[in-house]
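# Architecture at a glance
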Amino acid sequence: MSLAQRFEAEGEGDRVTGIETTAGRIADRGVLLDVGRATGDDGELPDGFAITVEHLEATIAAQGATACDGRGDLLLVRTGQLTRARPRTRKR
């Protein structure tokens, strides 16, 4: 079952592999790299896109020095793909 199918079936996202399933057990500095915005079209990476070290380094350069991860930091990578799985709502 794909992430989009799981999201639709459960209505609230992936309850198996999402960070919210382990957030209570992890405490450290987190660094978010928005690879989808830095590399993709419209802030989203296409299906099957392989994120390389070069993509991560380019994203760090685009986001600035605070995006540098250090030893022991938790690295979170945003791909933008979840936007396709979420139901579209109209902005008011």
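Attention in this report is confined to the structure presented alongside it. Note that this is a predicted model, so its numbers are computed, not measured.

### Some details on the overall build of the protein
When its secondary structure is counted, the protein shows four helices and two strands. Secondary structure elements of the protein occur, N-terminal to C-terminal, as α-β-α-α-β-α. Counting across all 92 residues of the protein, residues that qualify as buried make up 20%. Long-range pairs, those at least 24 residues apart, make up 67% of the contacts in the protein between residues at least 6 apart in sequence.

### Comments concerning the pattern of salt bridges
A side chain of one charge can pair with a side chain of the opposite charge when the charged atoms of the two come close. As enumerated under the stated definition, the model contains three salt bridges in all. For the salt bridge of Asp 73 with Arg 29, the shortest nitrogen-to-oxygen distance reads 2.5 Å. Here Asp 73, found in the loop between helix H3 (53–63) and strand S2 (74–78), pairs with Arg 29, found in the loop between helix H1 (3–10) and strand S1 (30–34); they are 44 residues apart in sequence, far enough to count as distant. Arg 29 sits in the partly exposed class, given a relative accessible area of 39%.

### Details of a nonpolar patch on the surface
A cluster of nonpolar residues, Phe 49, Ile 51, Leu 75 and Val 77, forms a patch on the protein surface that exposes about 270 Å² of accessible area. Within the secondary structure layout, Val 77 lies in strand S2.

Conventions adopted
Residues numbered from 1 in each chain as written. Predicted model: local features only at pLDDT ≥ 70, side-chain atom pairs only at ≥ 80, totals over all residues. Heavy atoms only, no water. Helix = DSSP H or I, 4+ residues; strand = E, 2+ residues; numbered from the N terminus. Buried < 20%, exposed > 50% of the residue type's maximum accessible area, 1.4 Å probe, protein only. Contact = heavy atoms within 4.5 Å. Salt bridge = Lys/Arg side-chain N within 4 Å of Asp/Glu carboxyl O. Patch = residues over 30% accessible without salt bridge, like charges linked within 9 Å, V, L, I, M, F, W, Y side chains within 5 Å. Areas by Shrake-Rupley, 256 points an atom, 1.4 Å probe, with all protein chains shown as cover.

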